[in-house]
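# Report on the structure
The lines below spell out each chain.
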Amino acid sequence: MSFLNAEEPSVVELITDFGLNILWHPTTGLQIGDQVQDLLKDIIAGKVQMDILVYEGSLIQGPNNTGSMNFFADRPMMDWIKELSEVAGYVVAIGDCATWGGIPAVPPNPSESTGLQFHKKKKGGFLGANYVSKGGLPVINIPGCPAHPDWITQILVAISVGRIGDVQIDDYHRPKTFFTDFVQTGCTNVVNFAQKVDGGFGKRGHGCLFFEVGCRGPMTRASCNNILWNRQSSKTRANHPCLGCTEPGFPHHDLMKGSVLKTMKHLGVFPKEVPTGRNKLAYYMEAGFQKVMPTNNQVHQASK
Ligand code: SF4
Ligand code: SF4
């Protein structure tokens, strides 16, 4: 659904301007039933060329590594993926489930879910740490819950015009173009973060969401506040905390009760996690200092 919302470029532009031939997609594909099976078999047999395999969803290996919890076109989905990945020019994993297992892979993980080439932060996953596609690249990961549609279509364009070699990927195989800056970059609450002004969930313009309601913008690499969603907004612009959905630790805290939308703290005061790259003690000292200093706004009010 996210993919169909792409705007720069749109799905139609992928086809008309960039010449992509979408062999099959669960929403747009015309083939059903046996036709899908025949197409997939032809791809595996080399009768139909598949340049890009785009996969969404956890690789479900349960129960007991049979994969029978997730049947597709009359056999375990994981069996299709194993064979399709052997003939694919490039493999692109979309969303947290396909990249690192996502919510289904949270312990105790009864469905034995994993990602295509990572299991949470650990390299390996379903295809193994050493997998490379025929094009010579490992799985390209576009995480998110959901993944931003334009991240998807722009990577597909890079592959289709032969420029994917120019796209650098990070340690988690994410294209650096989209996953170098933090969500905080471009957040409209960032002044409140700097001045340590607390904000409440949904209270527009009331402050930063980091201190009480668990915003993970300072430790989450994604361009949500630069490439806006629907060209309009983002979670933090709408005063909803960032959940950190593009990081392999997502959903973080293993969904323990009371751990979501709440800032975990030591002694009820010090945030357990501080912005990525910051020394904890230095951050606590700076935050304490900022807290006792009047904000620009307070100075302005006092001077009236
Ligand atoms: S912590 Fe969240 S709400 Fe606060 S400035 Fe950073 S991204 Fe925005
Ligand atoms: S703002 Fe955070 S939770 Fe929301 S889509 Fe971006 S990275 Fe994911």
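These numbers were taken from a predicted model, which means no experiment stands behind them.

This brings us to the overall build of the protein. Looking only at helices and strands, the protein features nine helices and eleven strands. When burial is assessed residue by residue, the protein has 35% of its 304 residues classed as buried. Sequence separation of 24 or more characterises 61% of the internal contacts of the protein that already satisfy a separation of 6 or more.

The subject of this paragraph is unusual backbone geometry. In this structure, the amide linkage connecting Glu-8 to the following residue, Pro-9, adopts the cis form with an omega of -5°. Along the polypeptide, Pro-9 turns up in the segment before helix H1 (11–16). In this structure, Pro-251 follows Phe-250 across a cis peptide bond, with omega equal to 10°. Among the structural elements, Pro-251 can be located in the loop between helix H7 (190–194) and strand S10 (265–266). A positive phi angle is found at Asp-74, which is not glycine, with a value near 75°. Along the chain, Asp-74 turns up in the loop between strand S3 (71–72) and strand S4 (75–76). Residues other than glycine seldom take positive phi values, yet Asn-239 does so here, at roughly 60°. Relative to the assigned elements, Asn-239 resides in the loop between H7 and S10. Its 20 C-beta neighbours within 10 Å are what place Asn-239 among the buried residues.

Here the focus is the site of ligand 2. By nearness alone, every residue bordering ligand 2 is listed as Gly-144, Val-183, Thr-220, Ala-222, Cys-224, Ser-234, Lys-235, Cys-242, Leu-243, Gly-244, Cys-245 and Thr-246. Its residues assigned to classes, the shell around ligand 2 shows six nonpolar, five polar and one charged.

Our focus in this paragraph is the domain arrangement of the protein. Considered domain by domain, the protein is made up of domain 1 (3–166) and domain 2 (190–245 + 263–293). On a C-alpha basis, the centroid separation for the pair domain 1 and domain 2 is 33 Å. Each partner contributes residues to the interface: domain 1 has six residues there, and domain 2 has five residues. For the side of domain 1 that touches domain 2, the per-class residue count stands at one nonpolar, two polar and three charged.

Take the site of ligand 1 next. Taken together, 14 residues surround ligand 1, and among them Cys-187, Cys-208, Phe-210, Cys-215 and Gly-217 come closest. A per-class count over the shell around ligand 1 returns ten nonpolar, four polar and no charged.

For the rest of this paragraph, the subject is the environment of Pro-143. Positionally, Pro-143 belongs in the loop between strand S9 (140–142) and helix H5 (149–160). Along the primary structure Pro-143 and Val-48 are separated by 95 residues, whereas in three dimensions their C-alpha atoms are 28 Å apart. In this structure Pro-143 touches Gly-95, Asp-96, Thr-99, Arg-174 and Thr-246, once residues within four positions along its chain are discounted.

Quick look at the environment of Ser-233 now. By the secondary structure assignment, Ser-233 is in the loop between H7 and S10. The spacing of Ser-233 and Phe-71 is 162 residues in sequence and 37 Å in space, taken between C-alpha atoms. Not counting the four nearest positions on each side in its chain, Ser-233 is found in contact with Leu-228 and Ala-238.

This part is about the pairing of strand S5 (residues 90–94). Among the five residues that make up S5, five are buried, leaving the element largely enclosed by the rest of the structure. Covered by surrounding structure in S5 are Tyr-90, Val-92 and Ile-94 together with Val-91 and Ala-93, the residues of both alternating faces. Relative to S5, strand S1 (residues 52–56) is paired through five bridges, and the arrangement is parallel. For Val-54, the partnering residue across the bridge sits in S5 and is Val-92. Pairing between S5 and S9: three bridges, direction parallel. Counterpart to Ile-94 in the pairing with S9 is Ile-142.

A few words on the sheet that holds S9. Strands sit in the order S1-S5-S9 across an open sheet of three strands; the sheet is parallel. Of all the strands in the sheet, just S1 and S9 have a single pairing partner and so form its edges. Neighbour to neighbour, the strand axes of the sheet diverge by 20° on average, direction disregarded. Along the sheet face, H5 touches S1, S5 and S9 and points at about 155° away from the line of S9.

Moving on, we get to the packing of helix H2 (residues 34–44) against helix H3 (residues 77–87). It is at 9 Å that the axes of H2 and H3 come closest, and there the two elements cross at 45°. Accordingly, the angle class assigned to the pair H2 and H3 is oblique. Facing H2, whose interface residues are Leu-40, Ile-43 and Ile-44, H3 presents Trp-80, Glu-83, Leu-84 and Val-87. Its residues placed into classes, the contact of H2 with H3 shows six nonpolar, no polar and one charged.

The rules we used
Residues numbered from 1 in each chain as written. Chains lettered and ligands numbered in written order. Predicted model: local features only at pLDDT ≥ 70, side-chain atom pairs only at ≥ 80, totals over all residues. Helix = DSSP H or I, 4+ residues; strand = E, 2+ residues; numbered from the N terminus. Buried ≥ 20, exposed ≤ 12 C-beta atoms within 10 Å, placed from the backbone. Contact = placed C-beta atoms within 7 Å. Near = placed C-beta within 6 Å. Nonpolar A, V, L, I, M, F, W, Y, C, P; charged D, E, K, R; others polar. Domains from an automatic or database assignment. Pairing = 2+ DSSP bridges. Axes fitted to C-alpha atoms, helices over the stretch in contact; angles between N-to-C directions. Parallel < 35°, antiparallel > 145°, perpendicular 65-115°, else oblique.

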